[in-house]
Structure formats: structure tokens, C-alpha cells
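# Architecture and fold: a report
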Amino acid sequence: MMRKILMLLLGAVISVGLFAQEVALKGVVTSAGDNEPLPGVTVVVKGTTNGTVTNIDGVYQLSVSADAILQFSFVGMKTQEVAVGGRTEINVQLESAAFDVDEVVVVGYGVQKKSLVTGAIAKVDGDELKKSSDMRLTQALQGKTAGVVIAGNSGQPGDQVSVRIRGIGTNGDAEPLYIIDGLPMSSAGTDFLSSGDIESIEILKDAASSAIYGARGANGVILITTKKGNANEKFTVSYDGYYGVQNPWKKLNLLNAREYTMLTNEASLNGNGTLYFTNEEIAGFTADTDWQDEMFNYDAPKQNHSFSFTGGTQKTTYSSSFNYFNQEGIVAKGKSNYERFSIRLNTSSQFGFFNLGTNVNLVRVNSKGIDTNDHFGNGLAQAINMPPIVPVTNGDGSWSTPEQFGIGLQEITNPIALLDQLNHETKTSKFIGGLTGTVDFGKLVEALNGLTFKSSYSGELALVDGRGYRPYYYLDALHFTITDEASRHMELYTRWNFENVLTYDKTIQDHHFTLMAGTTGFKNQYDNVGGSKKDVIFDDLGHSYIDNATDPESMNVYGGFSEHTVASVFGRLNYDYKDRYMFAATLRRDGSSRFGSENKYGYFPSVSMGWVLSREDFMAGLADKLDLLKIRASWGQNGSENIGDFGYTSIIGNQNIYYFGDSKTQYNGTQPTRIANPSLKWETSEQTNFGIDMATLENSLRVSLDYYVKTTKDWLVTAPVPMLVGNSAPTINGGKVRNSGFEAEVSYRKELGKLYVSASINGAYNKNEVLDIQNAEKRLQGGDGGFGQSGVLYAAVGTPMGIFWGAKTDGIFQTVEEVNAYTNNEGGLIQPNAKPGDIRFVDANGDGQISPDDYMDLGSPYPDFTGGLNLTLEYGGFDFTAFLYAALGQEVYDATRRYDMNGTNYRSDWLNRWTGPGTSNEYPRVTFVDDNQNMKTVSDFFVHDGSFVRLRNVTLGYTLPKTVTSYLKIDRVRFYVSAENLLTFTKYDGYDPEIGGGVFGNGIDHGIYPQARTVLGGVNITF
């Protein structure tokens, strides 16, 4: 018996010795779908940093202990764990991960497993963004997630977009807060990022998610995380590049020369005038100019080239890139361009218990631009209104103008000549960087395991240098200069953000909780200086320095300064039991320099809860059908401080002129610019959210549903004051608006044999209603339509925010009898100046006359429904992606034609004008004398359906097989062709139905610079 025991002990000792030994392990990792080798798979010994990655043939080699457990992970594949068990060769097949149930999302000041998230957070991977060639990441986000409405302010390269998360909640700035690697930024500040540098973007939509950002989270928060290296990752070089051409996807149908002279003569005669053009004059017109063709820059190039370098050892990781982007605009060749150079470096180094991270970005942007949606500017509005009988140049090469043809059009003149006088460029240099230090106390004292402290300092320094040269020229009586002028302005933006966060993560049996507390300090400063001088000795932009101008009396200088600071403390508790019951609570206290002593600080709380029903015992019968079923609810408050700097007080202005003494000597005086309001406080947004998350078919199919109610109160508005006060009105709090809506997202990912399918569809419906406005008028108005049409956009109690507000029309008066029959109760004419062919306006209030009191809701520039459809197919090296975006239920106000001037061109629709009884009930007669105010009355005549469905992107790619790339000593090569904005389905006849802008500027078309249709080809190479 004793002998047997000794033999067993000896065997155990030998086994322990064997498993304690190091073995040289090797193997091949392949895809279970097609049995192809997988390069770049991370192979790590569980619980350590010892690991490697597979080579181009899927082969790995690693020295491990005989009893180790290996983890094999790869993007898009299920992570697999394998026990070594003393073996020297282990081959593994990885299966496609339809969805990773343990996927993490970035939340404010941390990360969290998506399955445990209790708020409304949407995540967009960087790989999704790379499918778009948009310069701005915000534009590339369009349609990627429900509840986020993104509209381009124009198609000009470099221009910003309007982003609205869950509707309009303010009468001021409604843009969300952007956090880029911890640094708060505005939308304009995101232009330095390339889509290839993005790891992920998280959108915090409900108050529970964004309350951790307190005073600046009322409009939602967008978190942007840039790429970082991975431990034990081999040095990898990648090149991504494309080149394409852009063209306008649409032209307006305008009158040609014959049609133009016909309608112009008709308008003159209908206004009791004579023929505007005689037959002899018409016969002498030789030009039939297509001014749109003259303005458009066809086949405008667009290109992007990006090199990235990633890698890492056990202790240090790095990710860097160099990007070059260049885009010419499709309007005004040489005057509308955007060029960007950027260099980025992210590093992370581990020194025992301390981790040091750095983030550096250097950016140089060169840009030129024209007016993109301006009734009076130098953009497409000029081309739309220019008479086609005017040639671009005269026979001697000089510029031709309408004035030469007897047409006085005031602001409208030869648009090509105007652009030729435009000489301006802006160069922006940026440094954005940060330093982060993290202490893991658990590596110092085991009892403190889970306790970490993170301190980070990040900042931006941006210098904007603008130069301009206005030459001497004479086009007509309103477009000329007396002498030339050189100008220059410089703007300096500096901002820094200092954060300290203490986090304690602890699991006690089935209870898991995370406590987080922190402080942050933020400061933003703006300095500007500029000047100009006339009579330049050179006549080009390259030499237009102020020192080269010689007129001392024309010298002009200006400058200014502003600053903004925020100091905050915040905390959060996350708790979950068995990954089944979740609870989270946050509280933030913000202090802002934009508010006075009475309300310097604001408090912003939130609570949220979640319940994973699918993990309950009573759901066991559905375990094979339902992978996840989670319900969640949240409530919270956010704030907004977007009132500008020093909004609570009265700054001193020095532009006042006073005269004293008998000689009336002039003195410059100073006085307060407005009435102070020390009790001014934050706008507050309060939101309740209910959501359901489901997953089935082995996590291949996921569904997420949300319902929300968001109420924003205490708007920052201008108070009415009597004129006798003699000063501008103060900013006060007053007003309330409610947004409520539904959001739905459905995603499916599956590997069906050799075919990989990924599809997602999302949609959102939002209802907006103003509940209160605290000013004397009980309304807010803004936005200009055509000339003389002000207050086109409107808000009052019971209406949505920023709707079109004007008169309703009821067809066209066909006869004198119809005009005379439209009377009030006393028999008087409701439209006494009307004639047959004029528009009949609806007397909505029944007072017997047409006035602004009859105005009503004519529609909203914001869509009722937005949605996106994303589809990806991969088979045998080929990949196909398509993305559709829809915005339905919005209207556009067409203010493209200058009706205030006689002689401007018409759209071809006006050929369907009224010319006699029964000829038209839609378009009135053309006339130079508009006694009935057909064209000056804000009405639904100008409001059109702006709904659209757009094929934003379609791409076909091919990846070379491994046999070819192995021979070329390259890891991966993919070629692709892509088209942006290939098809747009809309009833709107203008250049583009997608017109962003401010709250009281959205949806008005003055001749919008359209988005381009782009066709490009590209290549992705990994070495």
C-alpha cells in the first residue's frame, strides 16, 4: 500500500514539473468560415502580457508554460480560450462574432460593458466612418444612429454641419458638446481629425448618460476616441488613399435667353409699362449664357492619403499617422478649396503601477471659400438671378454686366467677375495634445486592487491667419472700388482642460460596483487683431501685405479678447448584481464664468436602472432563442451655458461719440453696452428615457428601442425694456420646449458559409412643442426669406420651434369677378389691390383683411422622421457596402429668386404662369408692379416639401488573395471604387433639400452650395 502511495506522489511531482516547464508552442489560426489563414490575430497567455500576433500565413510561435491558457482574439471574430496542456502545436479556427456580448462602450470618464449600460448610448466604430469620404466626421455620422439629425450647412469643402440630438431644445446654440480624447471641443474644432484615426464614436443621447458633463451636456455629447496601439503587436504600416472627382448632382431649370426676354417683356407690360426689350434689341442679343455652368467647377478633384504606423511591446504601445486631404469645391474654381495636413501620435507606456499616455496632433489647414447660402453674396444666388442675355465677357475681354444691357439689378451682377475680385485665404495652424498619467494602486498594495487614479491635461493652441486683397475694379454703379486694399487678421484660440479622476472598481461575490469621483478645470481664451490699408503697390494676393500699401490715412486696426472658464466636481456610482440588475447615479456641480454671483454654480443629477430579464431563471425556457432581453429607464438633468462670454454683466463699449464746447469738439466716450442681470442662470434640460435591448439568433440579430421626453426650460432670451432706458436689453431666463419621440435600431450580422452579411436599419420620430416664452411678444422670430421677408421662422406657445410662419394661399384669382367676390362682412374687398392672376391669400382670422395676424404654421425645416440603412456583404475577397439616408416630413423655404428687382431671371416653372382665366392656379402672373404683394408676402407659395432619400455611399471592393500578397511580402491589399451622393430622391426643385443652419436659419434656401456627387477609387495596403 505504501508503495502505491509513493508511486502516485512521484507521478504528481513529475506532472507538476512537466507543466511548470516552458514549451515552444506553434500553430496556425484560420477562419472557420472559409478556412483561410488569419494574419494579425492576437495570441496572449491569459492573465499576462506575454503574447504575439500571427503572421501573414496565420502562423504564430510563442514560448509558454505547459499549463498556460491561451486567448486568441481578432476583430470581427469570437475570442477563444485554449488550454496548452503540454502540447507543442495548437491549431485554432476562429468563428465570426456576430456581436460581441462583452463589447465595451466609452462613457463619460470611463468605459462600461454594453450589456450593463442603463442609458441611451449609441456607438459607431471607426471602420464604419472610413467608408465615407466626408472631410468632417460629423457628416460621416449621418444616418448611423437613431435620433441624431445631421444636415450640411453647405457642400463647400470644410464647411460645418448642423447636428441635432433628439430635437431642438433651445432658441440659441443647439450644437452638442464634443469630447475628443478628453478635451472639450466645439463642432468647428473637430476638423483636424481624419476618419482613419478614429477608434470609435459614442453619442450620449439621454440625460443619464450626458449629465456627467453637466452644464454643457443639454444638447447631447459626442465622445470621440482616437486609435491606440496594442500590447505585443508587431510594427505595422498601413496606407489608405483615394482619388476622385466631384460634380453637382443637379442643376436648376432656368429660362434661356428667348424665354427670359419673353417673360421680362410680359412682366413690364403687366406692370403698365412698355416693352422692356424691343424686337431690335432682342435680335441683337447674341449670348445665351448658362451662368450655372460658368459657376460650377466640373470634375473637381478630391483626394486623401493616409499613412499609419502601429505596434507595441509588453510595456509600450504606439499609434501614429500622417494624413493629407485636398478637396476642390464644385463651385467657383480656385476660390473654394480645402487642404489639410495632419500628424498624430498616441503612445502608452507602462512603468509598473504607473501608466503614462501621450496624445499629440499637429495640423495645418489652408482654405478658401465663397458665400454658400447668401441672398446678397457672391455665391450661386448670383448665377440663378443673372439674365442669360448677358455674356461673361465683352468682345474686348472686359467683364460684361447687366448694366450694359440697360438692366439695373443692384446687388446682382456678373458672378464670374465678382469671383475674380475675390482674393482671400485662411491658414490655420493647430496643436492639440494631452498627457495622461494613471496609477493602479492594486499593483502597489493588493488590498487596494481596483483603485485607480487618472490625471490628464489636454489643450489646444490654434492660430488662424487670414489675408485678403481687394483690387481696384469697376463693374457697374454698385460694384466698384476707388482703390485697392490689403487686409489681414489673426485669431488665437487657446484652451486647456485639467482632469483628476479617482475610480474604485470592486466585486464582492455577485455584487459589482464602481465608484468614481473627479474634478475638472477648463479654460478657453480668444484673442484677435487685424488691420487694413489701401493703395497697394502690388496687385496680387501674394504681395498684399499691409506694409506694401501706401495710403496712411486709410489705415485701420482692431482687436479684441474674451475668455471662458468652468470649474467642476462630479461623481458616479455604478452597481450591478450578477450582471442582472443595474443601477447608476451621477451628480455634477459646475461653476461657469458666464454667470453672475447669484447663480454661479449649477447642480446636475441623474439616475438610471436596468434589468436583464434574459438572465432570470424564469426565462430559462427561452435561453436557446433569446440571448439578451434588457429593459432600462433613466432620468437626469443637463445644462447649457451657450450665451457668450460675460452674458450676465454689462461690458463697456467705446464706440460712442460726444461733442462738447462751443467748437463742438468730438470726443469718444464709453458706456455700458447692455443692462446687467446678475441673477442669470443655466438653461436646464430634463429628460426621461425608457429603453429595451434584445438579441437573438446567437447574438446575430439585435434590436434596441427607446422612448424619451426631454423638456428644456429657462431659455436664455433677450428681455424687453422701455426705450427710455437708453440701453440694450439684458439676457434673462424664460421659455420652455418639449421634445418627445421614439427611436429604433435593428442590426444583423452573420457568416452564412462563405458569405458575411452585416445590415442595420435605424429610424427616429421626434415631436417638438414650445410650452412657454417669457418675453412681451410671447414669440420668437428670425430668418430672412426673399428681399423684405423677415421673420420667416417662428416659435410661439403650442407650435414647434422654428417653424415657417406666413400666409396660406388659396390659388390664383382667375377673373375680376373672383377678386370682387372676395369680400369681408361689410362688403369691402379683402385684397383691394389684387388683379386677375394674383395670389389669393387666406383671411385666417376672419377680420376682413390680409395681415400678419393671418399668418399660420406652414411647416417645419426639421424632419419628422430620419433613418438610415447600412448594408455590407463580403464573399470570396469581394466586399460591397451601401448606405441610404432618409429625412422625411420637413419643408424648405425657396428664397432663391430676387423678386425685389426687375429683370432677374426666372425658374422654368414660371413658364406655367397665369396668362388668362384657367391657365394656372399655382403660379401668378409676372409683373414688375406687385401691388398685391404676391412676392413680398411670406406665404406657402415659397414653402416646398423637402423630404428626401439619398444613396449616401455605395462601394465595391476586392481584397487580393493571401497567395498573391504572400508573394508580394504584403499583409493585405484591397482595391475599391466608391460613389457618394449617387442618387437623391426628392420633390424639391432646388439645388439641395438638405439645408442646415442655426435654430432661426435652418431650411431657408438662398441658393445653397449643393453637396457634390463624388466618384472615386482607392486602395488599402497593410505591410
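Residues numbered from 1 in each chain as written. Predicted model: local features only at pLDDT ≥ 70, side-chain atom pairs only at ≥ 80, totals over all residues. Heavy atoms only, no water.

### What to know about the packing of aromatic side chains
Where two aromatic rings form a pair, the distance of their centres and the angle of their planes describe that pair. The final tally for this structure, using the stated rule, is 38 aromatic pairs. Here Y457 and F498 contribute two aromatic rings whose centre-to-centre distance is 6.3 Å and whose plane-to-plane angle is 55°, an arrangement assigned as tilted. Here the residue Y457 occupies a position in strand β23 (residues 451-470), and F498 occupies one in strand β26 (residues 485-508), the gap between them amounting to 41 residues. When its relative accessible area of 37% is taken as the criterion, F498 is described as partly exposed. For the ring pair F804 and Y893, a centre distance of 5.8 Å and an interplane angle of 40° mean the geometry is tilted. One end of the pair, F804, is in strand β42 (residues 803-806); the other, Y893, is in strand β48 (residues 891-894), with 89 residues separating them in the sequence. Judged by its relative accessible area of 0%, F804 is buried. Cluster of aromatic residues (ring-pair linked, three or more members): F804, Y893, Y899, Y906, W910, Y923, F941 and F942. Positioned over the ring face of F522 is R216, at 4.9 Å from the centre of the ring. (Phe/Tyr/Trp six-rings, centres within 6.5 Å; stacked < 30°, edge-to-face > 60°. Helix = DSSP H or I, 4+ residues; strand = E, 2+ residues; numbered from the N terminus. Buried < 20%, exposed > 50% of the residue type's maximum accessible area, 1.4 Å probe, protein only. Lys NZ or Arg CZ within 6 Å of the ring centre and 35° of its normal.)

### Focus on empty space enclosed by the protein
As enumerated under the stated definition, the model contains nine cavities of 30 Å³ or more in all. Put simply, the largest cavity is a space of about 280 Å³. Together, 22 residues line the largest cavity, and D134, Q139, G155, Q327 and Q1011 are the ones closest to its centre. The set of elements that each furnish at least two residues to the lining of the largest cavity consists of β51 (972-986) and β53 (1012-1022). Here the residues of the lining of the largest cavity sort into four nonpolar, 12 polar and six charged. (1 Å grid on protein atoms, 1.4 Å probe; cavity = no way out; pocket = protein on both sides within 12 Å on 5 of 7 lines; lining within 4 Å. Points joined across faces, edges and corners; volume = space filled by probe spheres on them. Nonpolar A, V, L, I, M, F, W, Y, C, P; charged D, E, K, R; others polar.)

### Focus on the pairing of β42
In terms of strand pairing, strand β41 (residues 793-796) meets β42 through two bridges, oriented antiparallel. Counterpart to L793 in the pairing with β42 is F804. Counting the residues that bridge the hairpin from β41 to β42 gives six residues, and of these G798 lies at a positive phi of roughly 95°. Two elements, β42 and strand β45 (residues 856-859), share three bridges in a ladder whose sense is antiparallel. Bridge pairing in β45 links F804 to G859. (Pairing = 2+ DSSP bridges.)

### A few points about the pattern of salt bridges
The tally for this structure, following the rule as stated, stands at 38 salt bridges. Here D290 ties to K251 by a salt bridge, and the two come within 2.6 Å at their closest N and O atoms. On the criterion of sequence distance, the pair formed by D290 in the loop between α6 (279-284) and α7 (291-295) and K251 in the loop between β17 (236-248) and α5 (257-270) is long-range, its members being 39 residues apart. The salt bridge involving E259 is made with R258; its shortest N-O contact spans 4.0 Å. Look at E259 and you get buried, because its relative accessible area is 14%. Each member of the salt-bridge network shares a partner with another, and the members are R166, K205, E743 and E745. (Salt bridge = Lys/Arg side-chain N within 4 Å of Asp/Glu carboxyl O.)

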